[in-house]
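Residues per chain, in single letters:
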Amino acid sequence: MLVHGEIFRTDQLDGFAMEEQGQWIGLVTLFISVSGCEIISLNSLQEGRGIGTRLIEEVIAVAREKKCWRVFVATTNDNLHALGFYQKFGFELAALRRGAVSESRKIKLQIPLTGYNDIPLRDELELEILL
Ligand SMILES: CC(C)(COP(=O)(O)OP(=O)(O)OC[C@H]1O[C@@H](n2cnc3c(N)ncnc32)[C@H](O)[C@@H]1OP(=O)(O)O)[C@@H](O)C(=O)NCCC(=O)NCCS
């Protein structure tokens, strides 16, 4: 994953997986630093069943344990679904990084030009929950 110009190898990050009958149905990965506890990836394989919410709750519990001052996540301008999901949970918009995805595309050429709903994929939006 390429987020705010940094490369993260999700297979080397901490995180939580949710399992049902031996199959993964959700996965969240995170990275803790002085900037707080950052959600690097969040994927629910069965949407609308509360999996995403449960995974975020785990992240918040860990962030509190580790005395992080906030949990934050970057999503892309096209991901209206994730923007709704995070805000409904209680995250607030914290930053707009205009052109961040366009910059990442120069390094990771496979990032498409358009994303969800055929929206041009350009910017990163950061959302946070202060702990
Ligand atoms: C975003 C994502 C993780 C949500 O996971 P999920 O398992 O569907 O989430 P939940 O079932 O816990 O839904 C939580 C709540 O958010 C609501 N919600 C979901 N999508 C929403 C939207 N677009 N707008 C507003 N609310 C939304 C749900 O209705 C639910 O509310 P409820 O508890 O009152 O029923 C999932 O859609 C996903 O994997 N998306 C693809 C990858 C991605 O975009 N990841 C995030 C970017 S880092």
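Residues numbered from 1 in each chain as written. Predicted model: local features only at pLDDT ≥ 70, side-chain atom pairs only at ≥ 80, totals over all residues. Heavy atoms only, no water.

Enquirer: Where do I start with the pattern of salt bridges in this structure?
Expert: Between side chains of opposite charge, a pair can form when the charged atoms approach closely. In the structure shown here, the tally under the stated rule is eight salt bridges. Between Arg9 and Asp11 there is a salt bridge; the shortest N-O distance is 3.9 Å. Note on accessibility: Arg9 and Asp11 belong to one class, exposed. The shortest N-O distance in the salt bridge between Arg70 and Glu126 comes to 2.9 Å. Of this pair, Arg70 sits in strand β6 (residues 70-76) while Glu126 sits in strand β8 (residues 124-130), placing them 56 residues apart in sequence. (Salt bridge = Lys/Arg side-chain N within 4 Å of Asp/Glu carboxyl O. Buried < 20%, exposed > 50% of the residue type's maximum accessible area, 1.4 Å probe, protein only. Helix = DSSP H or I, 4+ residues; strand = E, 2+ residues; numbered from the N terminus.)

Enquirer: What is the right way to read the site of the ligand from this model?
Expert: Inspection of the region around the ligand gives 18 residues, with Ser44, Glu47, Gly50, Thr53 and Asn79 positioned closest. Between an oxygen atom of the ligand and a main-chain N or O atom of Gly50, the distance comes to 2.6 Å. Between the ligand and the protein, one listed contact pairs an oxygen atom with a side-chain N or O atom of His81 at 3.0 Å. Bound to the protein, the ligand loses 70% of the 960 Å² it would expose on its own. Broken down by element, the shell around the ligand gets its largest block of residues, six residues, from helix α2 (residues 80-89). (Near = heavy atom within 4 Å. Polar contact = N/O pair within 3.5 Å; in protein donor to acceptor, adjacent residues only side chain to side chain. Areas by Shrake-Rupley, 256 points an atom, 1.4 Å probe, with all protein chains shown as cover.)

Enquirer: Can you walk me through the nonpolar core in this structure?
Expert: Here is a general trend for soluble globular proteins: nonpolar side chains tend to be buried in one another's company. One finds Cys37, Ile39, Val59, Val71, Tyr86 and Phe91 to be the most contacted residues of the largest nonpolar core, which totals 21 residues. Breaking this core down by element, the ones donating at least two residues are β4 (23-33), β5 (36-44), α1 (51-65), β6, α2 and β8. In terms of residue count, the dominant contributor to this core is α1 (six residues). Look past the residues within four positions of Val71 in its chain and what remains in contact with it is Cys37, Ile39, Val59, Ile60, Ala63, Phe91, Leu127, Glu128, Ile129 and Leu131. (Core = buried A, V, L, I, M, F, W, Y, C linked by side-chain atoms within 4.5 Å. Contact = heavy atoms within 4.5 Å.)

Enquirer: Would you explain the sheet that holds β4 in this entry?
Expert: Picture the strands of a sheet paired through backbone hydrogen bonds; they go either parallel or antiparallel. As summarised here, the arrangement of the six strands in space is β3-β4-β5-β6-β8-β7, forming an open sheet in which the pairing is mixed. The strands lining the two open edges of the sheet, one partner per strand, are β3 (14-20) and β7 (92-97). Adjacent strand axes in the sheet meet at a mean angle of 25° when their direction is disregarded. As paired strands, β7 and β8 are joined by five bridges and run antiparallel to one another. The residue bridging Arg97 from the neighbouring strand is Glu124, located in β8. The strands touched by α1 within the sheet are β3, β4, β5, β6 and β8, with β5 carrying the most contacts at an inclination of about 160°. (Pairing = 2+ DSSP bridges. Axes fitted to C-alpha atoms, helices over the stretch in contact; angles between N-to-C directions.)

Enquirer: Is there a simple way to think about the packing of aromatic side chains in this case?
Expert: Two measures describe an aromatic ring pair: the distance that separates the ring centres and the angle between the ring planes. As enumerated under the stated definition, the model contains four aromatic pairs in all. Centre to centre, the rings of Tyr86 and Phe91 are 5.2 Å apart; their planes meet at 65°, and the pair counts as edge-to-face. Judged by centre distance (6.0 Å) and plane angle (50°), the ring pair of Phe89 and Phe91 falls under tilted. Its relative accessible area of 25% is what places Phe89 among the partly exposed residues. Accessibility expressed as a relative area gives 2% for Phe91, which makes it buried. Lying over the aromatic face of Phe72, Arg70 brings its terminal NZ or CZ to 3.8 Å of the ring centre. (Phe/Tyr/Trp six-rings, centres within 6.5 Å; stacked < 30°, edge-to-face > 60°. Lys NZ or Arg CZ within 6 Å of the ring centre and 35° of its normal.)

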